[in-house]
Amino acid sequence: MQKKLTITIDEEVYEDLHKAIGSCKISQFVEKLVRPHVVRPNLELAYSQMSKDKKREEAFKFLNRVQIIPLTSKTDRLYPSKALIIFNGKESKAMADQLAIVSKLRFLNVLA
């Protein structure tokens, strides 16, 4: 469901936006910019549900490596390869462009 929103911006900004985006696409442009900052997926719930899948978890026992996506607490800038998430109750930014595949052996000291 869509809602109508009236905003006020500088005339020069509007004219340049109209030229760059087109009058029919301004709403879509604004929504794409704003959405990542206000709509947050509930990843903790999704991960919790995935962990209850016994067949999936059993298969992971035999893999010798894991995928790591680094997180940062600096959430002021959001680029297409980044995603805002809530982790341990805190807002973080997942940096998918820095994805790493790491051997499970590197975690032996951490988990022991």
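Residues numbered from 1 in each chain as written. Predicted model: local features only at pLDDT ≥ 70, side-chain atom pairs only at ≥ 80, totals over all residues. Heavy atoms only, no water.

(A) Quick look at the overall build of the protein. Helices and strands together make up the secondary structure of the protein, namely 5 helices and 5 strands. N-terminal to C-terminal, the α/β element order of the protein is α-α-α-α-β-β-β-β-β-α. The C-alpha atoms of the protein give 20 Å as radius of gyration, which overshoots the globular expectation for 112 residues (13 Å, by more than 25%). Burial status across the protein gives 10% buried among its 112 residues. The long-range fraction of contacts in the protein, counting pairs at least 24 apart against all pairs at least 6 apart in sequence, stands at 51%. For the protein, the exposed area adds up to about 10100 Å²; of that, 57% sits on carbon and sulfur atoms. Across the protein, 20 positive and 13 negative side-chain charges occur, with their mean positions spaced 11 Å apart. (Helix = DSSP H or I, 4+ residues; strand = E, 2+ residues; numbered from the N terminus. Rg over C-alpha atoms; globule rule 2.2 N^0.38 Å. Buried < 20%, exposed > 50% of the residue type's maximum accessible area, 1.4 Å probe, protein only. Contact = heavy atoms within 4.5 Å. Areas by Shrake-Rupley, 256 points an atom, 1.4 Å probe, with all protein chains shown as cover. Lys, Arg positive; Asp, Glu negative; His and termini not counted. Charge placed at Lys NZ, Arg CZ, Asp CG, Glu CD.)

(B) Local environment of a negative patch on the surface. Residues D10, E11, E12, E15 and D16 make up a contiguous surface patch of negative charge. For E12, the position within the fold is in helix α1 (residues 11-21). E12 sits in the exposed class, given a relative accessible area of 56%. (Patch = residues over 30% accessible without salt bridge, like charges linked within 9 Å, V, L, I, M, F, W, Y side chains within 5 Å. Salt bridge = Lys/Arg side-chain N within 4 Å of Asp/Glu carboxyl O.)

(C) How the structure looks around the sheet that holds strand β3 (residues 82-87). Here we have 3 strands laid out as an open sheet, ordered β2-β4-β3, and antiparallel in their pairing. This sheet does not close on itself; its edge strands, each paired only once, are β2 (71-72) and β3. The pairing of β2 with strand β4 (residues 90-95) spans 2 bridges and is classified as antiparallel. In the strand pairing of β4, T72 is matched with K93. (Pairing = 2+ DSSP bridges.)

(D) Spatial organisation of a nonpolar patch on the surface. Among the surface-exposed residues, F29, V30, L33, V34, V38 and V39 lie close enough to one another that they form a single nonpolar patch of about 480 Å² accessible area. Structurally, V39 is set in the loop between α2 (26-38) and α3 (43-51). According to the relative accessible area criterion, V39 is partly exposed, its value standing at 46%.

(E) Broad picture of the confidence of the model for the protein. Residues with a pLDDT of 70 or more make up 96% of the protein, whose mean pLDDT is 84. Here helix α5 (residues 108-111) stands out as the element of the protein with the lowest mean pLDDT, 65, in contrast to β2, whose mean of 92 is the highest. (pLDDT = per-residue confidence, 0-100.)

(F) Up close: unusual backbone geometry. One non-glycine residue with positive phi stands out, namely N88, at about 55 degrees. Turning to its location among the elements, N88 is positioned in the loop between β3 and β4.

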